[in-house]
Amino acid sequence: MECQLGNQKPPLFLNFTEMKKRIIIIGGGIAGMTVAGALPSNEFDIILIEKEILPGGHVAKWDRLFPSRRPAKEVLDFVQKSMAKNVVIKTGSTITTIHRDQNLFTLHLNGEEPIVGDAVVLATGFDLFDARKKEEYGYGIYNNVITSEELEQIFHEGKKLTTSEGKTPQRIGIIHCVGSRDEKVGNLYCSKVCCVTGVKQAIEIKEMLPECEIFSFYMDLRMYDRNFEELYYEAQQKWGINFIRGRLSECAENPGHSLIIKTEDTLTGHPLKMTVDMIILLVGFVPSPETKRIARMLDLQTGQDGFLLSSDEHYNDNSTSVPGVFLTGAVKGPACIVNTIADARATALQIERFLITGISE
Amino acid sequence: MKIEGKRRIWKDYQKEIAEDRYFYVRSCVRQNFFPGSERTFLRIMKDELNKDVFENAAHTTCSGIGYHSDIVPFETVMTMVARQFALMTESGYENFTTSCITSFGLYTEILETWQHFPDVELRVREHLKKATGREFIVPKNLSHASDVIFKFRKEIANKAKFKLINKHTGKPIQVVEHIGCHYSRMFPSKGVGGAEYPYVLVGMIEDWGGEVIDYPERRHCCGFGFRQYLVQANRGYSLSCSKKKFDSMAPYKPDCILTNCPGCPMFLDRWQYALSEMEGITYGENGQGIPVLTYEELAGMMLGYNPWDLGLQVHQVPVEPLLDKIGIPYNPEQKFLTLDGMSIGKPETPTFLKFY
Ligand SMILES: Cc1cc2nc3c(=O)[nH]c(=O)nc-3n(C[C@H](O)[C@H](O)[C@H](O)COP(=O)(O)OP(=O)(O)OC[C@H]3O[C@@H](n4cnc5c(N)ncnc54)[C@H](O)[C@@H]3O)c2cc1C
Ligand code: SF4
């Protein structure tokens, strides 16, 4: 399916002596769209392939963004508008095979003619950790255990946050590091953005439900970027949100569907048991199986964390060991929007250099 | 509670349980605690299900309690377990079934260790050979006896004379299930249903007509916890663990507690008596306790075995209220008689716990 954003349809199987070089971008999140927007569209044919019906990736699901709480739509609109009209966007498309032959890449999409291109960008992003895997937290079993993604959806749809019984929650627990920094689930890495997302969401709950008590259970608060620490201060000073350093060990359901959580307060050195009306699990990033499948077809390398590896983590972080294949955005691991956009712009420059000079590094 | 969430997890944790020809090893403590249980297992397996279950008289303790109390070192324990495997091999069996949960956990831990460190297995083989001249093959299938009853739960349901239904209300009997820690907490994939929402007892309860209670302290320790009981000074801790569980389950009005470990029924049963004497608290209706059963006892009850043949008279919390609810007949006159009619003596009447 071709999306309304693109309005020209070049022939897909090309005679390359006469035609412009073609770049195929896989993934229409902010990373993929930014690459498409940053490349000179008069010099190259640009095709963006997105598996969902609409582009936008995860950001399309978020309501307001940290740290300033500007609407996510503003950023999304900016990135979408930055793409020239002649970028062809194919949505609802699944790649069946992809292979490289003599510096050309041939992609087969389900039920369509093959597409041939000179460079491929993998901008397939990430998946969210499946919280059901932390069985002891009871996601998918206890009614009032939800994820940060679901909370964003509630905000996004302008709904009121209620318990599964339709009551206004009086006390909410926010659980950090769900599926990240956790050897038990096999993910040692930090997902970087969930701490600040948790702080942002706590404030947003307070704005919506001023009477609600909020307890955030964290391992460390990783407020690494500009204005993050300030947001954390605001959460405590202005909104009275409680931050307790301790990891959740288990959650169980009380009669009446409130939850009992067991954790510890490592600063006071005491185990802690608390009743809350609901808990919000800050789910982390995981590499997507689709990305892994495409990476296998292209012979790309993955790191120990399962995310894709670039040629060099410092000075060649967008090219790969396969000339003509580039990586951008969260396909390489957890990243916020600022970093994703900067990374995507760098990717565009590298592709351009590659297609003009043949140098991929 | 979304039951489909639990069902999804249960699907993820299926395990292979042998169909027949079991080499059965008893527990070193269960026959004192609940003397009818192992006998009932053998009776069901042989008489009802026509299975080949073999016991070897040379079998000894696995010393799991010593191991988990930091008294017996792992090397020693592994060699003792290797000897049990040798007994199985010499008897011509390949499927090893344990009565005890701690043994099951220990056997699982040892087999996993050997799988990851084959040199350790070789060393243990050498130790065993030097000490006893014996050799062994590693079991083809390792199961706990509750796995086996779980496997045949539908066959038992088909032969059952009773269902877990309250005959006065027509409603399912409400059951609290409690799994021994060493069943699947160390190796979730080795237990039916995993570690967080184990299915092994739930499957029996559901197929026999009852309903399972999910209460907040479901995962909490039964009160045994090894050193919290074995070290005398810690026993208050043991008692408080059990109390925490009773306090948490009581609002759901359970009709009974079902267990699959030697220690859990012991502590959940005996500590109800201790708590009633110390605090005057009882957790059932009208001064009754909450009867605590082993899965073999429950299977035997469903099959219509005489409650006194199952050993229910040695429970500290009387089981009669449950028998009455289900409609299982029993003769109070025979409660404290041996099979040949001799008196086994009558316990003292508790101060608060209703006695039958
Ligand atoms: C709960 C949460 C809240 C967040 N809030 C913020 C915030 O407030 N501010 C901020 O800066 N960052 C935030 N982030 C981070 C932000 O979501 C990421 O930085 C951003 O999504 C990365 O964009 P991306 O395009 O690399 O990946 P994605 O957003 O994952 O986009 C990847 C795209 O590729 C598509 N795709 C995947 N596989 C294929 C395939 N095989 N074929 C075709 N298409 C495919 C996907 O459908 C998707 O459209 C948040 C993250 C989380 C988890
Ligand atoms: S960002 Fe915070 S919540 Fe997320 S994984 Fe890192 S430490 Fe945990």
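Calculation rules
The numbering scheme is per chain: residues are counted from 1 as the chain's sequence reads. Written order decides the labels, with chains lettered from A and ligands numbered from 1. With the structure being a predicted model, the display of local features is reserved for residues of pLDDT at least 70 and the display and counting of side-chain atom pairs for 80 or more, all residues being used for whole-chain, interface and lining totals. To obtain the side-chain values, all non-hydrogen atoms of the structure were included, while hydrogens and water were left out. Helix axes use the C-alpha atoms of the stretch in contact, all axes being lines fitted to C-alpha atoms, and the angles between their N-to-C directions lie in the range 0 to 180 degrees. Under the scheme used here, helices are H or I runs from DSSP no shorter than 4 residues and strands are E runs no shorter than 2 residues, and both carry numbers assigned from the N terminus. Just so you know how the angles are binned, under 35 degrees is roughly parallel, over 145 roughly antiparallel, 65 to 115 roughly perpendicular, and the rest oblique. Handedness of a crossing is defined here by the sense of rotation of the near helix relative to the far one, left-handed for an anticlockwise turn of less than a right angle and right-handed for a clockwise turn. Any two residues having at least one pair of non-hydrogen atoms within 4.5 Å are treated as being in contact. In this classification, Asp, Glu, Lys and Arg are treated as charged, Ala, Val, Leu, Ile, Met, Phe, Trp, Tyr, Cys and Pro as nonpolar, and every other residue, Gly included, as polar. Nearness of a residue to a molecule or strand requires only that one of the residue's heavy atoms be within 4 Å of it. Contacts described as polar in this section are N or O atom pairs within 3.5 Å, which, within protein, must combine one atom able to donate a hydrogen with one able to accept it, while residues neighboring in sequence count only if both atoms come from side chains. Computed with the Shrake-Rupley method and a 1.4 Å probe, the accessible areas treat only the protein chains shown as cover for residues. Domain ranges listed in this record stem from an automatic or a database domain assignment. Two parts lose some accessible area (1.4 Å probe) when they are put together, and adding that loss for both gives the buried area. The rule for a salt bridge is simple: a side-chain nitrogen of Lys or Arg has to be within 4 Å of a carboxyl oxygen of Asp or Glu. Burial here depends on accessible area, computed with a 1.4 Å probe over protein chains only, as a share of the maximum for the residue type. Under 20% is buried, over 50% is exposed, and the range in between is partly exposed. Paired strands are those between which DSSP finds at least two bridges. The quantity called pLDDT is the predictor's confidence in a given residue, expressed from 0 to 100. In this description, a nonpolar core means a group of buried Ala, Val, Leu, Ile, Met, Phe, Trp, Tyr and Cys residues linked to one another through side-chain atoms lying within 4.5 Å. Call a crossover right-handed when, viewed with both strands pointing away from you, the route from the first strand across the helix to the second goes clockwise. This arc describes the spread of directions from the helix axis toward the C-beta atoms.

Trainee: In this structure, what is going on with the packing of helix H1 (residues 30-38) of chain A against helix H7 (residues 337-357) of chain A? I would like to understand it.
Mentor: Think of two packed helices as two axes; the pair is described by the angle between the axes and how far apart they sit. Residues and elements named next belong to chain A. Between H1 and H7, the least distance of the axes is 8 Å, while the angle of their chain directions is 40°. Accordingly, the angle class assigned to the pair H1 and H7 is oblique. Seen from above, H1 lies across H7 with right-handed handedness. Residue-level inspection shows Ile-30, Ala-31, Thr-34, Val-35 and Ala-38 of H1 in contact with H7, the latter providing Ile-337, Thr-340, Ile-341, Ala-344, Arg-345, Thr-347, Ala-348 and Ile-351. Broken down by class, the residue content of the contact of H1 with H7 amounts to nine nonpolar, three polar and one charged.

Trainee: How should the site of ligand 1 be read in this particular structure?
Mentor: All names here are of chain A. Ligand 1 sits among 33 residues. The nearest are Glu-50, His-58, Phe-66, Ala-335 and Ile-337. One of the backbone N or O atoms of Phe-126 is found 3.4 Å from an oxygen atom in ligand 1. Relative to its free-state accessible area of 1,000 Å², ligand 1 is covered by the protein chains to the extent of 97%. Those elements giving two or more residues to the shell around ligand 1 turn out to be H1, helix H6 (289-298) and H7. Here the shell around ligand 1 is composed, by residue class, of 18 nonpolar, eleven polar and four charged. Composition of the shell around ligand 1 by domain shows at least three residues from each of domain 1 (2-125 + 288-357) and domain 2 (131-284).

Trainee: Sorry if this is basic, but what is going on with the domain arrangement of chain A here?
Mentor: Think of interface size as the accessible area that goes away when the parts come together; that is how it is often given. Residues and elements named next belong to chain A. For chain A, the domain assignment lists domain 1 (2-125 + 288-357) and domain 2 (131-284). Put simply, the middle of domain 1 and the middle of domain 2, counted by C-alpha atoms, are 33 Å apart. Facing 14 residues of domain 1, the contacting portion of domain 2 comprises 23 residues. For the pair domain 1 and domain 2, the summed buried area comes to about 1,600 Å², and 56% of that belongs to carbon and sulfur atoms. Looking only at domain 1, the three residues that lose the most surface to domain 2 are Phe-66, Arg-69 and Pro-334, adding up to 38% of its buried area.

Trainee: What is the right way to look at the interface of chain B and chain A in this model?
Mentor: The interface of chain B with chain A comprises 18 residues on the first partner and 19 residues on the second. Its largest share of buried area at the contact with chain A, chain B owes to Met-1, Pro-216 and Arg-219 of chain B, together 33% of the area lost on that side. At the boundary of chain B with chain A, the tally comes to three salt bridges. When the shortest N-O distance is used, the salt bridge between Glu-250 of chain A and Arg-219 of chain B registers 3.7 Å. Taken together, the links from chain B to chain A amount to eight residue pairs in polar contact (both at pLDDT 80 or more).

Trainee: Teacher, can you tell me more about the pairing of strand E15 (residues 250-253) of chain A here?
Mentor: Residues and elements named next belong to chain A. The side-chain alternation of E15 yields two buried faces, one formed by Glu-250 and Ala-252 and the other by Cys-251 and Glu-253. In this sheet, strand E16 (residues 259-265) lies alongside E15 in antiparallel orientation, the contact comprising four bridges. Residue Cys-251 lies in a different strand from E16, and its bridge partner there is Ile-261. Where E15 hands over to E16, the hairpin turn is made up of five residues, of which Gly-256 adopts a positive phi near 90°.

Trainee: Looking at this structure, I do not really get the confidence of the model for chain A. What am I missing?
Mentor: All names here are of chain A. Looking at chain A, the pLDDT average stands at 94 and 95% of residues meet or exceed 70. Of the regions scoring below 50 in pLDDT, residues 3-11 engages in 20 contacts with residues more than four places distant in sequence or in other chains. Counted against residues more than four places away or in other chains, residues 13-17, with its pLDDT under 50, gives nine contacts.

Trainee: Looking at this structure, I do not really get the domain arrangement of chain B. What am I missing?
Mentor: Residues and elements named next belong to chain B. Domains assigned within chain B are domain 1 (15-145) and domain 2 (150-334). Between domain 1 and domain 2, the C-alpha centre-to-centre distance is 25 Å. Counting from both sides, the interface comprises 39 residues of domain 1 and, opposite them, 37 residues of domain 2. Looking only at domain 1, the three residues that lose the most surface to domain 2 are Phe-33, Phe-34 and Ile-101, adding up to 20% of its buried area. At the junction of domain 1 and domain 2, the tally comes to four salt bridges. Its salt-bridge partner being Arg-30, residue Glu-296 comes within 2.7 Å of it at the nearest N-O pair. Linking domain 1 with domain 2 are nine residue pairs in polar contact (both at pLDDT 80 or more). Only helix H2 (30-33), helix H3 (37-48), helix H4 (64-68) and helix H6 (101-116) provide two or more residues apiece to the side of domain 1 that touches domain 2. Of the residues assigned to the side of domain 1 that touches domain 2, the class counts are 16 nonpolar, twelve polar and eleven charged.

Trainee: How should the sheet that holds strand E1 (residues 22-25) of chain B be read in this particular structure?
Mentor: Pairing between the strands of a sheet comes from backbone hydrogen bonds, and it takes one of two forms, parallel or antiparallel. All names here are of chain B. The strand order E2-E1-E3-E4 describes an open sheet built from four strands, whose pairing is parallel. Both outer strands of the open sheet, strand E2 (53-54) and strand E4 (141-144), are each paired with one neighbouring strand and no more. With four bridges connecting them, strand E3 (residues 95-98) and E4 associate as parallel partners. Bridging from a neighbouring strand, Asn-95 pairs with Asn-141 of E4. Lying over the sheet, H6 contacts E1, E3 and E4, oriented at roughly 155° with respect to E4.

Trainee: What exactly am I supposed to notice about the site of ligand 2 here?
Mentor: Residue and element names in this part refer to chain A. What surrounds ligand 2 is the set His-176, Cys-177, Ser-180, Arg-181, Cys-190, Ser-191, Lys-192, Cys-194, Cys-195, Asp-220 and Arg-222. At the level of secondary structure, the elements contributing two or more residues to the shell around ligand 2 comprise strand E12 (171-178) and helix H4 (194-208). In terms of residue class, the shell around ligand 2 is built from four nonpolar, three polar and four charged.

Trainee: What should I look at first to understand the pattern of salt bridges in this one?
Mentor: Think of it this way: side chains of opposite charge can pair up when their charged atoms draw near. Tallying each qualifying case throughout the model produces 54 salt bridges over all chains. Between Glu-136 of chain A and Lys-184 of chain A there is a salt bridge, with the nearest N and O atoms lying 3.1 Å from each other. Linking Glu-136 of chain A in the loop between strand E10 (127-128) and strand E11 (145-147) with Lys-184 of chain A in the loop between E12 and H4, this pair joins segments that are 48 residues apart in sequence. Glu-320 of chain B is the partner of Lys-335 of chain B in a salt bridge, and the nearest nitrogen-oxygen pair spans 2.8 Å. With Lys-335 of chain B in the segment after helix H16 (320-326) and Glu-320 of chain B in helix H16, the pair connects residues that are 15 residues apart, well separated along the chain. Judged by its relative accessible area of 4%, Lys-335 of chain B falls in the buried class. It is possible to trace a salt-bridge network through shared partners that takes in Asp-63, Arg-64, Arg-69, Glu-152, Lys-200, Glu-204, Glu-207 and Glu-234 of chain A.

Trainee: Is there a simple way to think about the nonpolar core in this case?
Mentor: In a soluble, globular protein the nonpolar side chains are often hidden away together inside. One finds Ile-205 and Ile-279 of chain A together with Trp-114 and Met-301 of chain B to be the most contacted residues of the largest nonpolar core, which totals 162 residues. Ranked by the residues each element gives to this core, the list is headed by helix H5 (residues 74-91) of chain B, at eight residues. Leave out the neighbours within four places in its chain, and Trp-114 of chain B touches Met-78, Ala-82, Phe-85, Val-120, Glu-121, Val-124, Phe-136 and Val-138 of chain B. Within the second largest apolar cluster, 32 residues are counted, among which are Val-79, Ala-119, Ala-344 and Leu-355 of chain A.

Trainee: So what exactly am I meant to see when it comes to the pairing of E12 of chain A here?
Mentor: Taken residue by residue, a regular strand's side chains alternate between the two faces of the sheet. All names here are of chain A. Counting buried positions along E12 yields seven of eight residues, so the element is predominantly enclosed. Bridge count for E12 against strand E13 (residues 213-218) is five bridges, and the pairing is parallel. The residue bridging Ile-174 from the neighbouring strand is Ser-216, located in E13. Between the parallel pair E12 and E13, the chain is carried across by H4, and the sense of this crossover is right-handed.

Trainee: So what exactly am I meant to see when it comes to helix H1 (residues 3-12) of chain B here?
Mentor: Residues spaced three or four apart along an α-helix face the same direction, because each turn holds 3.6 residues. Residues and elements named next belong to chain B. Of all the residues in H1, the buried ones are Gly-5, Lys-6, Ile-9 and Trp-10. In an axial view of H1, the angular spread of the buried residues amounts to 140°, which keeps them on one side of the axis. For H1, the exposed residues set more than 90 degrees away from the buried face come down to Glu-4 and Lys-11. On the buried face of H1, the contacting elements are helix H11 (200-207).

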